[in-house]
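Chains, contacts and geometry: an overview
In case you want the letters, here they are:
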Amino acid sequence: ANFRSASTKGIKDMFTPNEYGLFSMPTLETPRLTLRRMTMKDAKDVFEYSRDADVARHVLWSAQKDIGEAKDYCRYMTRRYRAAEPSSWGIVDKKTGHLVGTIGYMNYDMDNASVEIGYSLAKWMWNGGYMTEALRRVIDYTFDAMDINRIEAQHELDNPASGRVMEKCGMRKEGVLRQRLYNKGKFVDVALYAILKDDARPARRAPAR
């Protein structure tokens, strides 16, 4: 009965936040994208892509109906930044300067040093390799700068394009979770993918303890 309380101290000692705080969400760069914290000024861009039903189809939020919903989302995310809670980066297209999506941490399991990553992207950016570029950068950052051993992601089975993004980033399909999520009025099956620190480049592997 006391296993969790007895073991948690050791886990906390092993997996400590990085020097900037576990979810400090620093700005990250890729060749074509900037991943940065969102601000209230991003609401217009958020609404521009989030009102598209195709973009909202496979995520857990519904297509936004007005700019007020986008402002609420930006306000919610800024609160999470201030609290150093799991949150998302805004994905900015360097070519246009516009925010075109989000990527970040959906869940954090401290006891097991694991995070789940989720993402969304404007429809006009699909099929250009942008999400693969963003996800690779986040995976690299997570293993390099945070005491995380396992990164997970999941997608609905009728959204195989998302699974291809995960595979291109080195994530492995571990199975199908039947009716794992309730989304848009129905229970849906999802595929679970994961990558471990030991799967990454040798230089990024944790030192032997």
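In this text, all values refer to a predicted model and were calculated from it rather than measured experimentally.

Reading the values: the criteria
Residues numbered from 1 in each chain as written. Predicted model: local features only at pLDDT ≥ 70, side-chain atom pairs only at ≥ 80, totals over all residues. Heavy atoms only, no water. Core = buried A, V, L, I, M, F, W, Y, C linked by side-chain atoms within 4.5 Å. Buried < 20%, exposed > 50% of the residue type's maximum accessible area, 1.4 Å probe, protein only. Helix = DSSP H or I, 4+ residues; strand = E, 2+ residues; numbered from the N terminus. Pairing = 2+ DSSP bridges. Phe/Tyr/Trp six-rings, centres within 6.5 Å; stacked < 30°, edge-to-face > 60°. Lys NZ or Arg CZ within 6 Å of the ring centre and 35° of its normal. Salt bridge = Lys/Arg side-chain N within 4 Å of Asp/Glu carboxyl O. Expected span 1.5 Å × (residues − 1). Contact = heavy atoms within 4.5 Å. Polar contact = N/O pair within 3.5 Å; in protein donor to acceptor, adjacent residues only side chain to side chain. Axes fitted to C-alpha atoms, helices over the stretch in contact; angles between N-to-C directions.

Glancing now at the nonpolar core. In terms of nonpolar packing, the biggest core is built from 48 residues, with W89, I103, Y105, L135, I151 and M171 touching the most fellow members. A per-element tally of this core places helix α5 (residues 130-145) first, with eight residues.

Counting buried residues along strand β3 (residues 88-93), six of its six residues qualify, which places the element largely inside the surrounding structure. Side chains of β3 alternate between two faces, with S88, G90 and V92 and W89, I91 and D93 buried alike. Pairing of strand β2 (residues 33-36) with β3 involves four bridges; the strand directions are antiparallel. The residue bridging T34 from the neighbouring strand is V92, located in β3. Hairpin geometry of β3 and strand β4 (residues 99-109) is characterised by an intervening segment of five residues between the two adjacent antiparallel strands and by a positive phi of about 80 degrees at G97.

This paragraph deals with the packing of aromatic side chains. Under the defined criterion, the tally for this structure stands at five aromatic pairs. Taking 5.2 Å as the distance between ring centres and 75 degrees as the angle between the ring planes, the aromatic pair formed by F23 and Y108 counts as edge-to-face. Here Y108 lies in strand β4 and F23 lies in the loop between α1 (3-14) and β1 (28-29), a separation of 85 residues in the sequence. Residue classification places F23 among the buried positions, given a relative accessible area of 3%. The structure contains a cluster of three or more aromatic residues connected by ring pairs, namely F23, W89, Y105, Y108 and Y141. Over the aromatic face of Y130 sits the side chain of R32, whose NZ or CZ is 3.9 Å from the ring centroid.

Here we take up the environment of Y141. Turning to its location among the elements, Y141 is positioned in helix α5. C-alpha separation for the pair Y141 and P26, spaced 115 residues apart in sequence, amounts to 9.7 Å.

Evaluation of the coordinates by the stated rule reveals 11 salt bridges. D42 serves as the salt-bridge partner of R36, at 2.8 Å between the closest nitrogen and oxygen. Among the residues examined, D42 registers a relative accessible area of 5% and is labelled buried. Among the ionic contacts, a cluster of salt bridges with common partners joins R150, E152 and E174.

Right, let's get into helix α4 (residues 67-82). The end-to-end C-alpha separation of α4 is 23 Å, in line with the 22 Å expected for 16 residues at 1.5 Å each. Looking at the buried side of α4, the elements it contacts are β2, α2 (43-50) and β3. Between a side-chain oxygen at the N-terminus of α4 and the backbone nitrogen of G68 the separation is 2.9 Å; the capping residue is D66. Two residues or fewer after α4 comes A84, characterised by a positive phi angle close to 55 degrees.

Here we come to the side chain of N183. When you line up the elements, N183 lands in strand β7 (residues 172-183). The buried category is assigned to N183, whose relative accessible area is 3%. When residues no more than four places from it in sequence are discounted, the contact partners of N183 are R57, H58, V59, L60, E156 and V188.

What follows deals with the sheet that holds β2. One open sheet holds the eight strands; their spatial order is β1-β2-β3-β4-β5-β6-β8-β7, and the pairing between them is mixed. One side of each edge strand has no neighbouring strand; the edge strands of this open sheet are β1 and β7. Both strand β5 (residues 114-121) and strand β6 (residues 150-156) contribute to a ladder of three bridges, which runs parallel. Directly across from E116, in β6, lies its bridge partner E152. Running at roughly 160 degrees to β6, helix α6 (residues 160-168) makes contact with β5, β6 and β8 (186-196) of the sheet.

Just geometry here; none of it tells us what the structure is for.
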